[in-house]
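Topology and contacts: notes
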Amino acid sequence: MKVLIIDDNEMNIALLKNLVTKAVHCEPVNFTHSPDALRWCEQETPDLVLVDYMMPELNGLQFIEKFRQLQGKKDIPIVMITATGEKEIRYKALELGANDFLNKPIDNAEFIARARNMLALQESQKALANRAEWLAEEVRKATAEIVSREREVIFRLTKAAEYRSPETGSHILRMALYSKAIARTLGMSEEDQDLILTSAPMHDIGKVGTPDYILLKTEALTDYEYEIMKEHTVMGYEILQGSKSPLLQKAAEIALAHHEKYDGSGYPKGLKGEDIPLSAQICSICDVFDALTSPRSYKRAWSSDEALTEIERRSGTHFDPGLVRIFKKTLPDILSIKDRYSDNTHPREDEN
């Protein structure tokens, strides 16, 4: 352990060094110039500070005040050494952060007892900090394991939906990656970006309840069939709702609202404008773009320019105009993702 000694008198320094080395069994670090000691403390952390009161430039009180302002130095024990008996000085020192006092001339036995007490206190504080850090790391590990399991559930449910949908796994992956890219452009936190990335693939999970003759139909749906198809939003929400998991909560939110439209003409609730959850708005614009630019049995793949023109045309009706601007700003990243994960690409399971 390191003991910082600050005193402008060389003889006092020599005495304290000897006591620290032989009686307390610590490494002394000494300075006769208090500003130099303060600069040293900006890079290093002592386990105990012994500081004289009467010094030029920075006296003991001034040093304590500046020392306590340094990052990570609030709990380091400080003993102020002084020849004065004025109570006001001690009160001020305590107010600024001193823990104990020694009077000159120093009594060796008293010094050893006080130094050992302060070092024992510091050692206990370090042990508590290490314990807290260990506990925090264990919590992080446990949380990571829970998130991993949640993502596995999401992946497996998504695979189940894929078996019933004519859309490819690459479409689902691209749409999720587009959504994360837009979330990043919006300035969302890394945590929220990952939440959208992982929950977006669940947007159509409700299609597991849609009859095959409707889901796989290549001709235009009748009005009756379209009403049944629209129920996949509610069914998806019912599958995912009620969980304590933020991930499944977000997935439920997206599943229910990803067919809502900015002007209120969407379904299932006819939500309008800002009443539509942002996560669902993001997934909706990404889903539409990828659907337009992907080939289907009933249509050709549109070019990216054609799809962008269509999205701009729907600005203010289907999509929030502000989100359309964000989409255009993110377009270079989106096109890069589209090239990387084409329908001929077979993404790894851990990328879903």
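Here's what I pulled together on the structure shown here. (Residues numbered from 1 in each chain as written. Predicted model: local features only at pLDDT ≥ 70, side-chain atom pairs only at ≥ 80, totals over all residues. Heavy atoms only, no water.)

1. Observations concerning the side chain of Asn 59
Here is the rule we go by: Here a helix means four or more residues in a row that DSSP labels H or I, a strand means two or more in a row labelled E, and each is numbered from the N terminus. A 3.5 Å cut-off defines polar contacts: any pair of N or O atoms within that distance qualifies, except that in protein one atom must be a possible hydrogen donor and the other a possible acceptor, and neighbouring residues in sequence count only when both atoms are side-chain atoms. Between two residues, a contact is recorded if the distance between any of their heavy atoms is within 4.5 Å.
Take Asn 59: it is sitting in the loop between strand S3 (48-52) and helix H3 (60-69). A distance of 3.0 Å separates a polar atom in the side chain of Asn 59 from the backbone nitrogen of Leu 61. Those residues in contact with Asn 59 that sit more than four places away from it in its chain are Asp 52 and Tyr 53.

2. Quick look at the packing of helix H12 (residues 278-292) against helix H13 (residues 304-313)
Heads up, the rule is: To obtain an axis, a line is fitted to C-alpha atoms, over the contacting stretch when the element is a helix, and the angle between two such axes runs from 0 to 180 degrees between their N-to-C directions. Reported orientations rely on four angle classes, namely roughly parallel under 35 degrees, roughly antiparallel over 145, roughly perpendicular from 65 to 115, and oblique for the rest. Each helix crossing is assigned a hand: it is left-handed if the near helix lies turned anticlockwise from the far helix by less than a right angle, otherwise right-handed if that turn is clockwise.
For the pair H12 and H13, interaxial distance at closest approach is 9 Å and the crossing angle is 140 degrees. Between H12 and H13, the crossing angle belongs to the class labelled oblique. Crossing of H12 against H13: the hand is right-handed. Judged by residue contacts, Ile 285, Phe 289 and Leu 292 of H12 engage Ser 304, Ala 307, Glu 310 and Ile 311 from H13.

3. Quick notes on the pattern of salt bridges
Heads up, the condition is: The term salt bridge refers to a pairing of a side-chain nitrogen on Lys or Arg with a carboxyl oxygen on Asp or Glu at a separation within 4 Å. Three exposure classes are used, based on accessible area relative to the maximum for each residue type with a 1.4 Å probe and protein chains only: buried under 20%, partly exposed in between, and exposed over 50%.
Scanning all chains against the criterion turns up 17 salt bridges. The salt bridge partner of Asp 204 is Lys 207, with a shortest N-O separation of 3.3 Å. Of the residues examined, Asp 204 reaches a relative accessible area of 9% and is grouped as buried. For Lys 207, a relative accessible area of 12% gives the class buried. Glu 253 is the partner of Lys 250 in a salt bridge, and the nearest nitrogen-oxygen pair spans 3.2 Å. Placement of both Lys 250 and Glu 253 in helix H11 (residues 246-257) is noted, with a separation of three residues, approximately one turn of the helix. Connected through shared salt-bridge partners, Asp 7, Asp 52 and Lys 104 make up one network.

4. Structural notes on the sheet that holds strand S4 (residues 78-82)
Rule in force here: Strand pairing is assigned whenever DSSP identifies at least 2 bridges connecting the two strands.
The five strands lie next to each other as S2-S1-S3-S4-S5, forming an open sheet whose pairing is parallel. Edge positions in the sheet fall to strand S2 (27-31) and strand S5 (100-103), since each of these pairs with one other strand and no more. Strand-to-strand twist of the sheet, defined as the mean angle between neighbouring strand axes without regard to direction, takes the value 20 degrees. As defined by bridge partners, strand S1 (residues 2-6) adjoins S3 across four bridges and the pair is classed as parallel. Considered in S3, the bridge of Ile 5 is made with Leu 50.

5. Looking at the nonpolar core
Inclusion rule: Think of a nonpolar core as a cluster: buried Ala, Val, Leu, Ile, Met, Phe, Trp, Tyr and Cys residues, connected wherever their side-chain atoms sit within 4.5 Å.
If you look at the biggest cluster of nonpolar residues, it comprises 30 residues, and the most contacted ones within it are Ile 182, Ile 285, Cys 286, Phe 289, Ile 311, Phe 327 and Ile 334. Counting residues per element, the ones that place at least two in this core are helix H6 (169-185), H12, H13 and helix H14 (321-340). Examining the composition of this core, we find that eight residues originate from one element, H6, more than from any other. Residue contacts for Phe 327: discarding those within four places in its chain leaves Ile 182, Ile 285, Phe 289, Leu 308, Ile 311 and Ile 334. Ile 6, Leu 58, Leu 61 and Ile 78 belong to the second-largest nonpolar core, a separate cluster that totals 26 residues.

The quantities given are spatial measurements derived from coordinates; they are silent on function.
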